[in-house]
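Overview (structure and organization)
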Amino acid sequence: AADREATDTATFGLGCFWGPDAQFGTMDGVVRTRVGYAGGSKSNPSYHSLGDHTEVVQVDFDPAVVTYRDLVEVAFEEHNPQAQPPKTQYENVVFAETAAQRDAIGAVLAAAGRTADDVETRIERLSRFYPAEDYHQKYRLRSASFFMSAFEEASYSDEDLRESPFAATLNGYVDEFAELAVPRARVDSASEPTLDGRKAGLGHPALAV
Ligand code: MHO
């Protein structure tokens, strides 16, 4: 795992933050992920009192392995403004901190022949990131009790889980391989899992719509 000092940070609003938390977690070079609220002016937003903020995923990445531009490409490829209710909560936002980052966003859009307006995406500076409640962090992983028991046995706190590189990756694997993970967690029950049972257990990525 990379040192904290070795990573850069990127923040994206891509609709409901559960899906992108999992998706970015499996990317090479993404070291840590966390979800939260940003882009608005309300102090101390929470899920049920969000004000003018948007759900965002924040990733710490190793720029020697994956570039900010790579991450922006994934953000633009995956987001679908029509797939979420038209609320500030779910707006598409790419936070750019430097001129180099704004150039990278411009290059991705130019390569696709699109503008930020075409893809209904705000591009702005991050004023402040507020971490979301613990139960939203690594949301897919939290639904896999088989794995959560292992983290509990290893004495992980909620913050440890949120900031764990291993948990970030596993969160994506649970999402990606949900149909494998749930029956495995049910091995003791000796019951044959049905397709419906598997789907009910874990849900699906918000971005897959
Ligand atoms: N309440 C919606 C979206 C959750 S996302 C954290 C759902 O259950 O799918 O906004």
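Quick notes on the rules
Numbers given for residues are sequential positions, taken from 1 along each chain in its written order. At least 70 in pLDDT is required for a residue's local features to be given in this predicted model, at least 80 for side-chain atom pairs to be given and counted, and no such filter applies to totals for whole chains, interfaces and linings, which use all residues. Hydrogens and waters are ignored; side-chain quantities use all the structure's heavy atoms. Working definition: helices are DSSP H or I runs of at least four residues, strands are E runs of at least two. Numbering for both runs from the N terminus. Polar contacts, as used here, are pairs of N or O atoms within 3.5 Å; protein pairs need one atom able to donate a hydrogen and one able to accept it. Residues neighboring in sequence count only if both atoms are side-chain atoms. What pLDDT expresses is the predictor's confidence in each residue, scored from 0 to 100. Residue contacts are counted whenever heavy atoms from the two residues lie within 4.5 Å of one another. Throughout this document, a residue counts as near a molecule or strand when at least one of its heavy atoms sits within 4 Å of that molecule or strand. Only the protein chains shown count as cover for residues, and all accessible areas are computed by the Shrake-Rupley method using a 1.4 Å probe. Under this grouping Gly is polar, as are all residues other than the nonpolar Ala, Val, Leu, Ile, Met, Phe, Trp, Tyr, Cys and Pro and the charged Asp, Glu, Lys and Arg. For every residue, the accessible area obtained with a 1.4 Å probe (protein chains only) is divided by the maximum for its type, and the residue is called buried under 20%, exposed over 50%, and partly exposed between those limits. Criterion used throughout: strands pair if DSSP finds at least two bridges between them. In what follows, salt bridge is the name for a side-chain nitrogen of Lys or Arg lying within 4 Å of a carboxyl oxygen of Asp or Glu. A 1.4 Å probe that fits but cannot get out identifies a cavity on a 1 Å grid over protein atoms alone, an open set with protein on both sides within 12 Å along at least five of seven lines counts as a pocket, and a residue lines either if it has an atom within 4 Å of a point. Grid points are joined across faces, edges and corners, and a volume is the space filled by probe spheres set on the points. An axis is simply a line fitted to the C-alpha atoms; with a helix, the fit covers only the stretch in contact. Between two such axes, the angle follows the N-to-C directions and lies from 0 to 180 degrees. Here the angle decides the label: under 35 degrees means roughly parallel, over 145 means roughly antiparallel, 65 to 115 means roughly perpendicular, and every other value means oblique. Each crossing gets its handedness from the near helix: less than a right angle anticlockwise from the far helix is left-handed, clockwise is right-handed.

Moving on, we get to the environment of serine 49. Position of serine 49 relative to the elements: it lies in the loop between strand 2 (30-38) and strand 3 (54-61). Separated by 3.2 Å, the side chains of serine 49 and lysine 42 make a polar contact.

What follows is about the confidence of the model for the protein chain. Of all residues in the protein chain, 82% attain a pLDDT of 70 or more, and the chain-wide mean is 85. Scored below 50 in pLDDT, residues 181-209 shows 41 contacts in the model against residues more than four places distant or in partner chains.

Right, let's talk about the side chain of arginine 162 for a bit. With respect to the element layout, arginine 162 can be found in helix 6 (residues 158-163). A distance of 2.8 Å separates the side chain of arginine 162 from the side chain of glutamate 163, its partner in a polar contact. Not counting chain neighbours up to four residues away, the residues in contact with arginine 162 comprise Thr33, Arg34, Pro131, Gln137 and Lys138.

What follows covers the site of the ligand. Around the ligand, a shell composed of Cys16, Phe17, Trp18, Tyr47, Glu55, Gln89, Tyr90 and His136 is seen. In the environment of the ligand, an oxygen atom lies 2.8 Å from a nitrogen or oxygen atom belonging to the side chain of tyrosine 90. About the coverage of the ligand: the protein hides 62% of its 310 Å² of free accessible area. Class assignment of the residues belonging to the shell around the ligand gives a composition of 5 nonpolar, 2 polar and 1 charged.

This part takes up the pairing of strand 1 (residues 8-14). Across the 7 residues of strand 1, 5 count as buried, placing the element largely inside the fold. Two strands pair when backbone bridges link them, and strand 1 and strand 3 are joined in this way by 5 bridges, in the antiparallel orientation. Residue pairing for strand 3: threonine 11 is matched across the bridge by glutamine 58. Note that strand 1 and strand 4 (residues 92-95) share 3 bridges and pair antiparallel. When the bridges of strand 4 are listed, glycine 13 appears paired with valine 93.

Across all of its chains, the model carries 10 salt bridges by this definition. With a shortest N-O distance of 2.9 Å, arginine 32 and aspartate 60 are connected by a salt bridge. Of the two residues, arginine 32 is situated in strand 2 and aspartate 60 in strand 3; the sequence distance between them amounts to 28 residues. Accessibility assignment for this pair places arginine 32 and aspartate 60 in one class, buried. With its nearest N and O atoms 2.8 Å apart, the salt bridge here joins arginine 162 to glutamate 163. Like glutamate 163, arginine 162 is buried. Within this structure, Arg32, Arg34, Asp60, Arg162 and Glu163 form a network of salt bridges that share partners.

Further remarks concern the layout of surface pockets. Here the second largest pocket defines a volume of roughly 170 Å³. Around the second largest pocket, the lining residues are Pro81, Gln82, Gln84, Pro85, Pro86, Lys87, Tyr90, Glu91, Asn92, Glu120 and Arg122. Taken together, the residues of the lining of the second largest pocket break down into 4 nonpolar, 3 polar and 4 charged.

The phi dihedral of asparagine 44 is positive, around 45°, even though this residue is not glycine. Position of asparagine 44 among the secondary structure elements: in the loop between strand 2 and strand 3. With a phi angle near 60°, serine 155 is a residue other than glycine that sits in the positive phi range. Its location among the elements puts serine 155 in the loop between helix 5 (145-153) and helix 6.

The N-to-C vectors of helix 1 (residues 18-25) and helix 7 (residues 165-176) enclose an angle of 110°; their axes lie 7 Å apart at closest approach. Taken together, the axes of helix 1 and helix 7 lie roughly perpendicular to each other. Crossing geometry of helix 1 relative to helix 7 is assigned as left-handed. Of the residues in helix 7, those in contact with Gly19, Asp21, Ala22 and Gly25 of helix 1 are Ala168, Thr169, Asn171, Gly172 and Asp175.

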